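Listed below are the residues making up each chain.
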Amino acid sequence: MAIFGLWVINKAGGLVYQRNFADGLAQLTSNEYLVLAGTLHGIHAITSRLSPIPGQSSGAQVIEGETFKINVLLTLTGTKFILLTSPAEPASTIDVLLQKIYSIYAEKVMQNPFHTPEMPIRSEAFDVSLGALIG
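An unreviewed UniProt entry annotates the chain as Trafficking protein particle complex subunit of Lentinula detonsa. UniProt, in the comment section headed Subunit (unreviewed entry), describes the chain in these words: "Part of the multisubunit transport protein particle (TRAPP) complex."

Right, here's the structure in full:
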């Protein structure tokens with residue numbers, strides 16, 4: 001399974017977590033990651049309004065390029081989990097993986113009494129669990 005990276009974007013469009021899992025990815029600055037997260041947040045908001053049936057779309061779930069695929073999981077609280085993968089990864093596998101990541105987030109981050117919601121995620125337990133899941 002080729003997983004390149006994970007981003008977590010809060011409901012306001014701010015990047016609260018970013019981690020690369022593959023070598024060879026372009027190294028962006030912190031500012032570039034923040035701009036990219038805000039852009040994806042905006043694209044997601046716009047695409048949720050493009051549905052021909054009002055109120056029936058939650059926005060873009062997959063954005064595919066030649067060498068990568070951006071997979072989006074929107075939670076009920078508005079938090080977005082963005083997983084960068086190879087285009088060859090099947091959607092069913094990615095959906096299961098995103099749900100597992102969300103479960104780890106709920107357990108290791110949201111149940112942590114020292115974490116403030118909507119703020120950057122700084123949890124070693126979350127990092128370790130992600131590393132065990134993705135590698």
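Participant: Teacher, can you tell me more about the overall build of the chain here?
Facilitator: Along its length, the chain carries three helices and five strands. Tracing the chain from N to C terminus, the helices and strands come up as β-β-α-β-β-β-α-α. For the chain, the C-alpha radius of gyration of 15 Å lies close to 14 Å, the compact-globule estimate for 135 residues. When the 135 residues of the chain are sorted by exposure, 36% land in the buried category.

Participant: It is not clear to me how the pattern of salt bridges should be interpreted in this structure. Could you clarify?
Facilitator: Side-chain pairs of opposite charge can arise where the charged atoms are in close proximity. With the rule as written, the count across this model stands at one salt bridge. Between Lys 108 and Glu 107 there is a salt bridge; the shortest N-O distance is 3.4 Å. Residue classification places Glu 107 among the partly exposed residues on the basis of a relative accessible area of 46%.

Participant: How should the nonpolar core be read in this particular structure?
Facilitator: Grouped burial of nonpolar side chains is what soluble globular proteins tend to show. Of all hydrophobic cores here, the largest spans 19 residues; its most connected members are Leu 83, Ile 121 and Phe 126. Every element with two or more residues in this core is listed here: β1 (3–9), β2 (15–20), β5 (80–85), α2 (91–110) and α3 (124–134). If we ignore the near neighbours within four places in the chain, the residues touching Leu 83 are Ile 3, Gly 5, Leu 6, Lys 69, Ile 70, Asn 71, Ile 94, Leu 97, Leu 98 and Ile 101. Core analysis: the next-biggest nonpolar cluster, separate from the first, contains eleven residues, Phe 4, Leu 15, Leu 40 and Ile 82 among them.

Participant: Would you explain helix α1 (residues 30–48) in this entry?
Facilitator: Residue pairs spaced three or four apart in an α-helix point in one direction, given the helix's 3.6 residues per turn. Its 19 residues place the ends of α1 27 Å apart at the C-alpha level, agreeing with the 27 Å of an ideal helix rising 1.5 Å per residue. Turning to α1, the residues buried within the fold contact β1, β2, β3 (62–64), β4 (69–74) and β5.

Participant: Just to check I follow, could you spell out the sheet that holds β4 for this structure?
Facilitator: Picture the strands of a sheet paired through backbone hydrogen bonds; they go either parallel or antiparallel. With respect to topology, five strands assemble into an open sheet ordered β2-β1-β5-β4-β3, the strand pairing being antiparallel. A single partner strand is all that each edge strand has here, and the edge strands are β2 and β3. Across the sheet, the mean angle from the axis of one strand to that of its neighbour is 15 degrees, orientation sign disregarded. The sheet contact formed by β1 and β5 spans six bridges and is antiparallel. Considered in β5, the bridge of Trp 7 is made with Ile 82. Packed onto the sheet, α1 meets β1, β2, β3, β4 and β5 and runs at close to 75 degrees relative to β1. The strands touched by α2 are β1, β4 and β5; relative to β5, the strand with the most contacts, the crossing angle is about 135 degrees.

Participant: How do you make sense of the packing of α2 against α3 when you look at a structure like this?
Facilitator: Between α2 and α3, the least distance of the axes is 9 Å, while the angle of their chain directions is 160 degrees. As the angle between them shows, α2 and α3 are arranged roughly antiparallel. Helix-helix and strand crossings are classified by hand; for α2 and α3 the assignment is right-handed. Side by side, α2 and α3 meet where Leu 97, Lys 100, Ile 101, Ile 104, Tyr 105, Lys 108 and Val 109 of the first sit next to Ala 125, Phe 126, Ser 129, Leu 130, Leu 133 and Ile 134 of the second. Of the residues contributing to the contact of α2 with α3, the split by class is ten nonpolar, one polar and two charged.

The rules we used
Sequence order as written defines residue numbering, which begins from 1 separately in each chain. Since the coordinates come from a predicted model, pLDDT governs what is reported: local features require at least 70, and pairs of side-chain atoms require 80 or more to be given and counted, while whole-chain, interface and lining totals use all residues. Each side-chain value is worked out from all heavy atoms of the structure, with water and hydrogens disregarded. UniProt positions are given in the numbering used here, feature names are shortened, and annotations may be inferred rather than shown by experiment. In DSSP terms, a helix is any run of H or I states spanning at least four residues, a strand is any run of E spanning at least two, and both are numbered starting from the N terminus. With C-alpha atoms as the basis for the radius of gyration, the globule rule is written as 2.2 Å multiplied by the number of residues raised to the power 0.38. Three exposure classes are used, based on accessible area relative to the maximum for each residue type with a 1.4 Å probe and protein chains only: buried under 20%, partly exposed in between, and exposed over 50%. Salt bridge, as used here: a side-chain nitrogen of Lys or Arg that lies within 4 Å of a carboxyl oxygen of Asp or Glu. Nonpolar cores are built from buried Ala, Val, Leu, Ile, Met, Phe, Trp, Tyr and Cys residues. Side-chain atoms within 4.5 Å join them into one set. Contacts were defined at the residue level, with two residues in contact if any of their heavy atoms lie within 4.5 Å. Here the expected span of a helix is defined as 1.5 Å times the quantity of residues minus one. Paired strands, as defined in this entry, are two strands with at least two bridges between them according to DSSP. Axis lines are fitted to C-alpha atoms, over the contacting stretch for helices. Their N-to-C directions set the angle, which ranges from 0 to 180 degrees. Angles below 35 degrees are treated as roughly parallel, those above 145 as roughly antiparallel, those between 65 and 115 as roughly perpendicular, and all remaining angles as oblique. Crossings are classed by handedness, with left-handed meaning an anticlockwise turn of the near helix from the far one by less than a right angle and right-handed meaning a clockwise turn. Throughout this entry, Asp, Glu, Lys and Arg are counted as charged residues, while Ala, Val, Leu, Ile, Met, Phe, Trp, Tyr, Cys and Pro are counted as nonpolar. The remaining residues, Gly among them, count as polar.

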